[in-house]
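This is what each chain is made of:
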Amino acid sequence: MKAIRVPQFGEPEVLQVAEVPDLTPGPGQIVVQIHAAGINPVETYIRAGKYAKLPPLPYTPGTDGAGIITALGAGVNGWKVGDRVYLAGSISGTYAEQALCEPAHLHPLPETLTFEQGAALGVPYLTAHVALFHRGQLRSGEILLIHGATGGVGLAALQLAKAADVRVLATGGTDAGRALLLREGAYAVFDHHADDYPQQILEATDGHGVGMILEMLANVNLGKDLPMLAQHGRVVIVGSRGPVEINPRDLMSRNADIRGVMVFATPAPVLTEAHMAIVSGLQGGALRPIVAQSFPLSEAPQAHAAVMSSGAAGKIVLTC
């Protein structure tokens, strides 16, 4: 089979297509024929050697994917050959034509979704659910601001929050991105490149501020986020690319919180609850993954460049 292999850490060009042996499941393992794999920003940090925990070289990247079960190891129950699944984790990596998995990595993919949409589910929808409802304790009737909402996590959060009867304000950096957010149900959208966007957001809340901010780029935005919070508001940080300076008085005067989220450090019962909610939302039609671009496996370097570019309008995926 074909797989992306990383022989050394470095720029996107280290992502190389290689022929590797087909996979065979051991006891308690499952082989999935991968039709699409999701690209996440964290995978670019790992590839560059700039992440806290790095895999031994060489390795195949990827956590998310979607495909069809082709082989079951001894002792596997609850799955059968031919089942359509989305992956949130694997043993072998998902940038490949096959992935070796444990049963806990797999979740049912409804027939109404494409494999590319299935590849957009794992990290983005898990992160959004954990950030909103576990770390953020988002409640029905609150006002949520998703800051940088046009990427995979932001769009997932918008759909999840709308399904929970939350009023969503959202920012995007392009006209096309903001139009997409309105189509997806945002109550109001703002250009985060505008100098006065914080004032515009406060005016949209009649000066009360927002109950929660989901922040994708804390090193740029956090200092501006805090004055937009309502009393007892909280900022939940999904992403940051460096340090930032804030005024703690903005927190003190509001009895507000800053909370971080790392989906890979989330307790297993919380992840199970999140997957159950995601599958239910997919089956009911409330959740609809949006794919911005698809690249063939051989163009993994271009996909890594695309996922780190500004102006995202959905998920970046590889097709196998």
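Here, every reference points to the structure presented above.
Computed from a predicted model, the values in this text were never measured in an experiment.

A. View of the overall build of the chain. If you tally the helices and strands in the chain, you get ten helices and 15 strands. Against the compact-globule benchmark of 20 Å for 320 residues, the chain has a radius of gyration of 20 Å, which places it among compact chains. Here the C-alpha coordinates of the chain stretch approximately 60 × 40 × 35 Å along the principal axes. The buried share of the chain, reckoned over its 320 residues, is 52%. Excluding contacts between residues fewer than 6 apart, the proportion of contacts in the chain whose partners are at least 24 apart in sequence is 64%. Taken as a whole, the chain presents about 13,900 Å² of accessible surface, with 53% of it coming from carbon and sulfur. Each charge class in the chain was averaged separately, 21 positive and 27 negative side chains, and the resulting centres sit 3 Å apart.

B. Examining the state of the cysteines more closely. On inspection of all chains with the given rule, the structure shows zero disulfides. With no disulfide of its own, C101 has C320 as its nearest cysteine by sulfur position, at a separation of 12 Å. The exposure class assigned to C320 is partly exposed, which follows from its relative accessible area of 34%.

C. The arrangement of the packing of helix α3 (residues 122-135) against helix α4 (residues 152-163) in detail. Interhelical geometry of α3 versus α4 gives an angle of 55 degrees and a closest axis separation of 8 Å. With respect to their mutual orientation, α3 and α4 come out oblique. Crossing hand, α3 versus α4: right-handed. Counted together, P124, Y125, T127, A128, H129, L132 and F133 of α3 and G152, V153, A156, A157, Q159, L160 and A161 of α4 form the full contact between these two elements.

D. Local environment of the pattern of salt bridges. Throughout the structure, instances matching the rule amount to ten salt bridges. For R178, the salt bridge goes to D175, with nearest N and O atoms at 2.5 Å. Placement of the pair is R178 and D175 together in helix α5 (residues 175-183), with a separation of three residues, close to one helical turn. You can call D175 exposed: its relative accessible area is 61%.

E. Up close: the nonpolar core. Core analysis: the biggest nonpolar cluster contains 45 residues, and L121, L132, L144, I146, L214 and I278 have the highest contact counts within it. With seven residues, the single largest contributor to this core is α4. The residues touching L132, leaving out its near neighbours within four places in the chain, are Q137, L138, L144, A157, L160, A161, M212 and L214. V6, A37, V42 and F295 belong to the second-largest nonpolar core, a separate cluster that totals 18 residues.

F. Up close: the packing of aromatic side chains. Counted under the stated rule, the structure contains one aromatic pair. Residues F9 and Y59 carry aromatic rings whose centres are separated by 6.3 Å and whose planes lie at 40 degrees to one another, so their mutual orientation is tilted. A residue pair is termed long-range when its members are at least 10 positions apart, and F9 in the loop between β1 (2-5) and β2 (16-19) and Y59 in the loop between α1 (41-47) and β4 (64-72) qualify at 50 residues. For F9, a relative accessible area of 28% gives the class partly exposed.

G. Representation of the environment of V166. Looking at where V166 falls in the secondary structure, it is placed in the loop between α4 and β9 (167-172). Among the residues examined, V166 registers a relative accessible area of 4% and is labelled buried. Linking V166 and A186, residues 20 residues apart in sequence, is a C-alpha distance of 9.9 Å. Once you skip the residues sitting within four places of it in the chain, V166 turns out to touch L138, R139, S140, E142, L144 and A161.

H. Looking closely at the packing of α3 against helix α9 (residues 268-284). Running from amino to carboxyl end, α3 crosses α9 at an angle of 110 degrees, the nearest separation of the two axes being 10 Å. The pairing of α3 with α9 is recorded here as roughly perpendicular in orientation. Packed against α3, whose contacting residues are Y125, L126, H129, V130 and H134, the element α9 presents V270, L271, A274, H275, A277 and I278 at the interface. Tallied by class, residues from the contact of α3 with α9 come to eight nonpolar, three polar and no charged.

I. Layout of α3. Of all 14 residues making up α3, eleven are buried, and the element is well covered by its neighbours. Among all positions in α3, only G122, V123, P124, Y125, L126, T127, A128, H129, V130, A131 and L132 are buried. Immediately downstream of α3, the backbone of Q137 shows phi near 50 degrees, a positive value.

Parameters and conventions
- Residues numbered from 1 in each chain as written.
- Predicted model: local features only at pLDDT ≥ 70, side-chain atom pairs only at ≥ 80, totals over all residues.
- Heavy atoms only, no water.
- Helix = DSSP H or I, 4+ residues; strand = E, 2+ residues; numbered from the N terminus.
- Rg over C-alpha atoms; globule rule 2.2 N^0.38 Å.
- Buried < 20%, exposed > 50% of the residue type's maximum accessible area, 1.4 Å probe, protein only.
- Contact = heavy atoms within 4.5 Å.
- Areas by Shrake-Rupley, 256 points an atom, 1.4 Å probe, with all protein chains shown as cover.
- Lys, Arg positive; Asp, Glu negative; His and termini not counted.
- Charge placed at Lys NZ, Arg CZ, Asp CG, Glu CD.
- Disulfide = S-S within 2.5 Å.
- Axes fitted to C-alpha atoms, helices over the stretch in contact; angles between N-to-C directions.
- Parallel < 35°, antiparallel > 145°, perpendicular 65-115°, else oblique.
- Left-handed = near helix turned anticlockwise from the far one by under 90°.
- Salt bridge = Lys/Arg side-chain N within 4 Å of Asp/Glu carboxyl O.
- Core = buried A, V, L, I, M, F, W, Y, C linked by side-chain atoms within 4.5 Å.
- Phe/Tyr/Trp six-rings, centres within 6.5 Å; stacked < 30°, edge-to-face > 60°.
- Nonpolar A, V, L, I, M, F, W, Y, C, P; charged D, E, K, R; others polar.

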